[in-house]
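# A look at the structure
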Number of protein chains: 2
Amino acid sequence: MDTPENVEDAVEVLQKLGLNEYEAQCFVGLTRLNTGTAKKLSELTDVPRTRVYDAIRVLEVWGLVEIQHSSPQQFRAVPLEEAIATLRGQYEGYVERLHDALDTVDVVEEDDESPVQQIWAMSGQTAIENRAAQLIKKATDEIVLVIGDESLLTENLVDTLNEVDDDIDLIIGTLTEPLQEQVRAVVPDATTFVSGLEWLHGESTTENKTSIGRLLLIDRSTILVSSILPDTKKEQAIFGEGFGNGLVVIARRIMAHGLIPARDPQ
Amino acid sequence: MDTPENVEDAVEVLQKLGLNEYEAQCFVGLTRLNTGTAKKLSELTDVPRTRVYDAIRVLEVWGLVEIQHSSPQQFRAVPLEEAIATLRGQYEGYVERLHDALDTVDVVEEDDESPVQQIWAMSGQTAIENRAAQLIKKATDEIVLVIGDESLLTENLVDTLNEVDDDIDLIIGTLTEPLQEQVRAVVPDATTFVSGLEWLHGESTTENKTSIGRLLLIDRSTILVSSILPDTKKEQAIFGEGFGNGLVVIARRIMAHGLIPARDPQ
DNA sequence: ATGTTTGTAATTCTCTCAGTGACAATAGGG
DNA sequence: CCCTATTGTCACTGAGAGAATTACAAACAT
């Protein structure tokens, strides 16, 4: 059996979206066929013929396939654009329901807010990007951002940066000059520099090169530092708030030293 | 333990989005707490304390909670708007990946297209609505739509109807006059009528009232008929294409008879 | 009529998940 | 400094979903 890589990709994604293996394979199989019977499908994919029927029924409920109740039964996938629209609609619906539900619940009585050293860890590209966006929007005086990896300069981030008020200092550093050029091109209003922090390029320790992700300092009182795990490529971050926060203090000190070569635009 | 209904709702939705029970409960629990420890969480929810840690780790990878690595560890949920944005981004990403993958795969060699009676069954609100939208967009001459249930007159449907070209006959029927008024209000360009088909109001057979959903006839050659299951409220449809299609023929005949009381606007 | 195809159902094995308890490490108070 | 309650990690169990296979009855073609 042939299994083009795109097919495997699609199957994988469909499973993340909640289908099981048979269902995912059947759907992808059907998108490759104008119309198909259980037999054809089981030949094209590696779903046992006798289990195609169950899978199709589930797919039908999802709104992803149509069934012709003849004998033998014929199946066909809903046109791609329709299928995508249906899935979008489905998840948009869930997300909205969640939003509503959580909006109207929230907060149980709370005693004391601990005033101490708060350093929080989070992970995940999307989540960290969202947090960064929130912080940037909240800034009132100064934004210092160092981008350690090209892959982090996403469309979303660029949009957020370009929405920053004119009277806020926006300073963006990179680890390499090519990346600096890229930043200049897409965020013209920012002051850019190439970071003097060579250690950011990766630990010299043997193999395990943890590379820097981003470094974001807002109004000298809130800091977000992320790194990218070498194996999984997943992004991890730590996050501290408050002028007196230990992490923020260190960050300011780093800034004062090597981070920005000349304190003003080069 | 108290469990406000919204909490249960949220937990349910989160599970549909791919979290397991503990993870869902922990997240909802954390949104009710500014910050919490494993113990607090296990008291608020009914997640065993010893399993809170696993759940939180997963949530952290999803980008939904932050962890403070102190002792005891502190957890807190990402702000609601951030969480929603993260989930949206996640699923949007999946859907796009799926779109791309399927776009570049498609079609295996195909022999014959069966020219016969094709009547397809599909189900699901969203899917049927999407299909209806596609059909309406493809119409060139005439659109006849009968709406059997108020719940089907969604925003999406109204939008689609209002985008119809002026030179296409747009005829919309309802089962009741109040609903007709509603339609007139939101789709002013349509010719409306109240259907003469009393049997649409529900089978007289004992209990099992299957009520009509929608009935859509495009250019007298494509038909979509849906019904709403009385117990589950789920929508089911059958769909036929081609002027000679048996279902379409029947549909035309019904039209000629009782469906539209006076063939022209009343 | 008969042999093949088609659809349903039951069965096995595996793996995840819900739920629980054992145990070492770690506070924090006397 | 010691003792005890708290905290974090693991390992285990039973139940249920999913993957894979087989048996069998209904429908079909020749």
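Residues numbered from 1 in each chain as written. Chains lettered and ligands numbered in written order. Predicted model: local features only at pLDDT ≥ 70, side-chain atom pairs only at ≥ 80, totals over all residues. Heavy atoms only, no water.

By nearness alone, 15 residues border DNA strand D, and A:Glu21, A:Tyr22, A:Arg51, B:Tyr53 and B:Gln73 come closest of all. Near the protein, meaning within 4 Å, the atoms of DNA strand D are sugar or phosphate in a fraction of 55%, with bases accounting for the rest. Separating a base oxygen of DNA strand D from a side-chain N or O atom of A:Thr50 is a distance of 3.2 Å. At a separation of 2.8 Å, a base nitrogen of DNA strand D approaches a polar side-chain atom of A:Arg51. The set of elements that each furnish at least two residues to the surface near DNA strand D consists of α2 (21–32) and α4 (49–62) of chain A together with α4 (49–62) of chain B. In terms of residues, the surface near DNA strand D owes the most to one element, α4(B), which gives 4 residues. (Near = heavy atom within 4 Å. Polar contact = N/O pair within 3.5 Å; in protein donor to acceptor, adjacent residues only side chain to side chain. Helix = DSSP H or I, 4+ residues; strand = E, 2+ residues; numbered from the N terminus.)

Its 14 residues place the ends of helix α6 (residues 125–138) of chain A 20 Å apart at the C-alpha level, agreeing with the 20 Å of an ideal helix rising 1.5 Å per residue. Every buried residue of α6(A) is accounted for by A:Ala127, A:Ile128, A:Glu129, A:Asn130, A:Arg131, A:Ala132, A:Ala133, A:Leu135 and A:Ile136. (Expected span 1.5 Å × (residues − 1). Buried < 20%, exposed > 50% of the residue type's maximum accessible area, 1.4 Å probe, protein only.)

The transformation that overlays chain A on chain B combines an axial shift of 0.0 Å with a rotation of 180 degrees, and the residual RMSD is 0.2 Å. Put plainly, the chains are arranged around a two-fold axis. Counting the interface residues of chain A, we find that 100% of their copies in chain B are interface residues as well, pointing to one common contact surface. (Least-squares fit on C-alpha atoms with pLDDT ≥ 70 in both. Contact = heavy atoms within 4.5 Å.)

Time to look at the protein's contact with DNA strand C. In the vicinity of DNA strand C, 14 residues are found, and the nearest of them are A:Tyr53, A:Gln73, B:Glu21, B:Thr50 and B:Arg51. Among all atoms of DNA strand C positioned within 4 Å of the protein, those belonging to sugar or phosphate total 55%. A distance of 2.7 Å separates a base nitrogen of DNA strand C from a polar atom in the side chain of B:Arg51. The element contributing the most residues to the surface near DNA strand C is α4(A), with 4 residues. For the surface near DNA strand C, the residue count by class is 4 nonpolar, 5 polar and 5 charged. (Nonpolar A, V, L, I, M, F, W, Y, C, P; charged D, E, K, R; others polar.)

In this section: unusual backbone geometry. Residues and elements named next belong to chain A. Following Ser71, the chain continues into Pro72 via a peptide bond in cis, with omega recorded as 0 degrees. Along the polypeptide, Pro72 turns up in the loop between β1 (65–68) and β2 (74–77). Even without being glycine, Arg220 reaches a positive phi, approximately 55 degrees. Locating Arg220 in the fold gives a position in the loop between β7 (211–218) and β8 (222–228).

On to helix α7 (residues 155–162) of chain A, then. All names here are of chain A. Within the sequence span of α7, burial applies to Leu157, Val158, Thr160 and Leu161. Projected onto a plane normal to the axis of α7, the buried residues spread over an arc of 160 degrees and lie on a single side. In the core, the buried residues of α7 are packed alongside α6, β4 (142–147), β5 (169–174), α8 (177–186) and β7. (Arc of directions from axis to C-beta.)

This next bit is on the nonpolar core. Counting residues in each nonpolar core, the largest one holds 133 residues, and the members touching the most others are A:Ile56 and B:Ile56. With sequence-adjacent residues up to four places away left out, B:Ile56 is seen in contact with B:Cys26, B:Leu30, B:Leu41, B:Val65, B:Ile67 and B:Phe75. (Core = buried A, V, L, I, M, F, W, Y, C linked by side-chain atoms within 4.5 Å.)

What follows is about the interface of chain A and chain B. By a widely used convention, the size of an interface equals the accessible area lost when the partners come together. With 74 residues of chain A at the interface, the matching set in chain B holds 74 residues. Summing both partners gives a buried area of about 6,700 Å² for chain A against chain B, and 57% of it is carried by carbon and sulfur. Linking chain A to chain B there are 8 salt bridges. Inspection of the region where chain A meets chain B yields 16 residue pairs in polar contact (both at pLDDT 80 or more). Broken down by element, the side of chain A that touches chain B gets its largest block of residues, 21 residues, from helix α5 (residues 80–103) of chain A. Partitioning the side of chain A that touches chain B into residue classes produces 34 nonpolar, 20 polar and 20 charged. (Buried area = accessible area lost by both parts, 1.4 Å probe. Salt bridge = Lys/Arg side-chain N within 4 Å of Asp/Glu carboxyl O.)

Let's shift gears to the packing of aromatic side chains. Applying the stated criterion to the full structure yields 5 aromatic pairs over all chains. Judged by centre distance (4.5 Å) and plane angle (10 degrees), the rings of A:Tyr91 and B:Tyr91 are stacked. One end of the pair, A:Tyr91, is in helix α5; the other, B:Tyr91, is in helix α5 (residues 80–103), on a second chain. Sitting over the face of the ring of A:Phe239, A:Arg131 holds its NZ or CZ atom 4.7 Å from the ring centroid. Above the ring of A:Phe243, the side-chain terminus of A:Arg252 is found at 3.7 Å from the ring centroid. (Phe/Tyr/Trp six-rings, centres within 6.5 Å; stacked < 30°, edge-to-face > 60°. Lys NZ or Arg CZ within 6 Å of the ring centre and 35° of its normal.)

Our next topic: the domain arrangement of chain A. If you check the domain split of chain A, you get domain 1 (5–99) and domain 2 (119–259). Relative placement of domain 1 of chain A and domain 2 of chain A: their C-alpha centres are 42 Å apart. (Domains from an automatic or database assignment.)

Before going further, it helps to examine the side chain of A:Asn245. Residue position: A:Asn245 is located in the loop between β9 (235–241) and α9 (246–259). Discounting chain neighbours no more than four positions away, the residues touching A:Asn245 are A:Gln117, A:Gln118, A:Ile119 and A:Gly240.

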